[in-house]
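# Coordinate analysis (summary)
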Amino acid sequence: MQYQPKSAVINQPERSAGSSLSQILRDEICSKTTLSFLMEAHDALSGAIAKRVGFKCLWASGLSIASSLGYRDANEASWSQLVDVVERIVDSTELPVLVDGDGGFGNFNNARLLARKLHQRGAAGIALEDSCFPKINSFVGDRHPLADIDEFSGRLRAVKDTVADDLVLVARTEALIAGHGMDDAILRASAYAAAGADAILIHSSKTTAEEILSFAAAWQHRLPVVIVPTKYYRTPVSAYRNAGISAVIWANHSMRAAIAAMRHVCGRIVAEEGIAGIEADIATLDEVFHLLRYDELARAEARYLPPDQQQ
């Protein structure tokens, strides 16, 4: 039976007792009747902010995490560094996190190790792309060699055999990025579906959504489709709903917003030789304390510490 998307409004499910994060993510991406939105997080703070404003699921972006660590999005950050950051995001938000696992940091063995460790740290899903190791960011340069279809399918099967349904497995094809065309994109997506993927992420570097919408039409809902409209950001969301897209990832916008804001504030402090002028434009300390739940610490101290040791 094929997945059949339906139209309508953004669903915002409340987490019920006993629901696992992976099941919530699966409901959002794989069993939905509406369009879902995942917000990028690259650390615990960005995750907490995304949760505070109302996002229900997060995308642990490889680009954004690498950038926050001072690395390039070229597999310079290690899988263990990625796993550590994801754990902090999960701990700070208690939201389902779909992790950008690049190509799995190697062959099937590296990919299944990554998946197992992500599951242990509380991730809800992993997205693997059919790139060769080491990868380079999709929007950098023109050379994007793709993995052999059978070899990458083996990576997906290894992940599925290792974590079964404990992680949502999203297979990402870079066929359009690499210039292989629509037929290869469909061929690859079909092979990845057969290998056990729960959803297909189709990526594009075009500034319009034309080839993404063409893929969705040709794919005919064989599995849920996930998209990342970083370059074709002018396309109205209604086009994705009409095409039966399952989920949209806002993939790097918190990191880019942070760069712009920090650059602006640092530049003003240098120019003005003081901070009086920028105080009204930055978060208050009270907002920081509220975001990181200092109130919970005060309640815990009252419960667990002797009175003479409380703040």
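Quantities reported herein were computed from a predicted structural model and do not represent experimental measurements. Residue positions are given per chain, counting from 1 as you read along its sequence in written order. Residue-level local features of this predicted model are given only where pLDDT is at least 70; pairs of side-chain atoms are given and counted only at 80 or more, and the full residue set underlies all totals for whole chains, interfaces and linings. No hydrogens and no water enter the side-chain calculation; it runs on all heavy atoms of the structure.

Attention now goes to the nonpolar core. Ranked by internal contacts, the top residues of the largest apolar core, which has 78 residues, are I29, L38, L98, F215, I227 and I249. Per-element tally for this core: the top contributor is helix α4 (residues 79-93), with six residues. Here, the term nonpolar core denotes a set of buried Ala, Val, Leu, Ile, Met, Phe, Trp, Tyr and Cys residues that are joined through side-chain atoms within 4.5 Å. The classification of residues rests on relative accessible area computed with a 1.4 Å probe and restricted to protein chains. Under 20% of the type maximum is buried, over 50% is exposed, and intermediate values are partly exposed. Put simply, DSSP marks the helices as runs of H or I at least four residues long and the strands as runs of E at least two long, and each gets a number from the N terminus on.

What follows is about the packing of aromatic side chains. Aromatic ring pairs: the centre-centre distance and the angle between the two ring planes describe each pair. Here the aromatic set is Phe, Tyr and Trp, taking the six-membered ring for Trp, and pairing holds for ring centres within 6.5 Å; pairs whose planes are under 30 degrees apart are stacked, those over 60 apart are edge-to-face, and all others are tilted. For the coordinates displayed, the defined rule picks out five aromatic pairs. Plain terms: the ring middles of Y232 and Y240 are 6.4 Å apart, the flat faces sit at 80° to each other, and that makes the pair edge-to-face. You'll find Y232 and Y240 in the same group, each marked buried. Note on F289 and Y294: the rings are 4.7 Å apart at their centroids and 50° apart in plane angle, and the pair reads as tilted. Judged by its relative accessible area of 34%, F289 is partly exposed. The class for Y294 is partly exposed, based on a relative accessible area of 44%. One Lys or Arg, K231, reaches over the ring of F139 and ends 5.1 Å from the middle of that ring. In this scheme, Lys NZ or Arg CZ marks a charge over a ring once it lies within 6 Å of the ring centre and within 35 degrees of the ring normal.

So, on to a nonpolar patch on the surface. Taken together, the side chains of L45, I49, V53, L285, V288, F289, L292 and Y294 make up a nonpolar region of the molecular surface, amounting to roughly 740 Å² of accessible area. At the level of secondary structure, the elements contributing two or more residues to the nonpolar patch comprise α2 (44-53) and α11 (285-291). Among the secondary structure elements, L285 is positioned in helix α11. Residue L285 is classed as exposed on the basis of its relative accessible area of 60%. Patch criteria: residues need more than 30% relative accessible area and no salt bridge. Like-charged residues are merged within 9 Å; nonpolar side chains of Val, Leu, Ile, Met, Phe, Trp and Tyr are merged within 5 Å. A 1.4 Å probe and the Shrake-Rupley method give the accessible areas. Residues count as covered only by the protein chains that appear here. When a carboxyl oxygen of Asp or Glu is within 4 Å of a side-chain nitrogen of Lys or Arg, the pair counts as a salt bridge.

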